[in-house]
Amino acid sequence: MKSYKELTVYQKAYELSLRVYKTTEKFPAEEKFGLISQMRRAAVSIPCNIAEGYRRRSRKEYIQFLHIALGSCSELETLISLSKDLKIIADGNYYDLQLLQEEVSKMLYKLINSLAKD
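Values in this document were obtained by computation on a predicted structure and should not be read as measured data.

Draft legend 1. View of the pattern of salt bridges. A complete count under the given rule lists five salt bridges for this structure. For Lys12, the salt bridge goes to Glu103, with nearest N and O atoms at 3.5 Å. Linking Lys12 in helix H1 (residues 8-24) with Glu103 in helix H4 (residues 91-117), this pair joins segments that are 91 residues apart in sequence. A relative accessible area of 25% means that Lys12 is categorised as partly exposed.

Quick look at the structure:
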């Protein structure tokens, strides 16, 4: 594989980031420095850490960056749920984001386990 961009998990994480940005555009203005900012940072952190880890010199470092991406994914899961419970996000958007976030999380687990075995 020549680039991290070929990784399905990266592609899905990037898509998740785009969806989070588009969804949070509709959030109340008073959440600009709260949920909007936190959700966007967590979402962007996922593909960024996948990309940065891929370019590292060792497998151990790569796995560490994937763990950071996984942590951001878990953070985002909490923020998505909080947005739903506060009725800031519509149910349809919640389920779409939640499913994609869950898919990315599972893919990260599998990639981490695969790399740790070799």
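Once you've had a look at it, read on.
Draft legend 2. Layout of the nonpolar core. Among the nonpolar cores identified, the biggest contains 35 residues, and Ile46, Ile50, Leu76 and Leu108 are the most heavily contacted of them. Not counting residues up to four positions away in its chain, the partners in contact with Leu108 are Val9, Ile46, Ile50, Leu66, Ala69 and Leu70.

Draft legend 3. Region of the structure containing the packing of aromatic side chains. According to the stated counting rule, one finds five aromatic pairs in the structure shown. A ring pair is formed by Tyr54 and Tyr62, whose centres lie 6.0 Å apart and whose planes are at 85°; its orientation type is edge-to-face. Taken as a pair, Tyr54 and Tyr62 share a single burial class, namely buried. Geometry around Tyr94 places Lys84 over its ring, the cationic atom sitting 5.3 Å from the centre.

Cut-off values and rules
- Residues numbered from 1 in each chain as written.
- Predicted model: local features only at pLDDT ≥ 70, side-chain atom pairs only at ≥ 80, totals over all residues.
- Heavy atoms only, no water.
- Salt bridge = Lys/Arg side-chain N within 4 Å of Asp/Glu carboxyl O.
- Helix = DSSP H or I, 4+ residues; strand = E, 2+ residues; numbered from the N terminus.
- Buried < 20%, exposed > 50% of the residue type's maximum accessible area, 1.4 Å probe, protein only.
- Core = buried A, V, L, I, M, F, W, Y, C linked by side-chain atoms within 4.5 Å.
- Contact = heavy atoms within 4.5 Å.
- Phe/Tyr/Trp six-rings, centres within 6.5 Å; stacked < 30°, edge-to-face > 60°.
- Lys NZ or Arg CZ within 6 Å of the ring centre and 35° of its normal.

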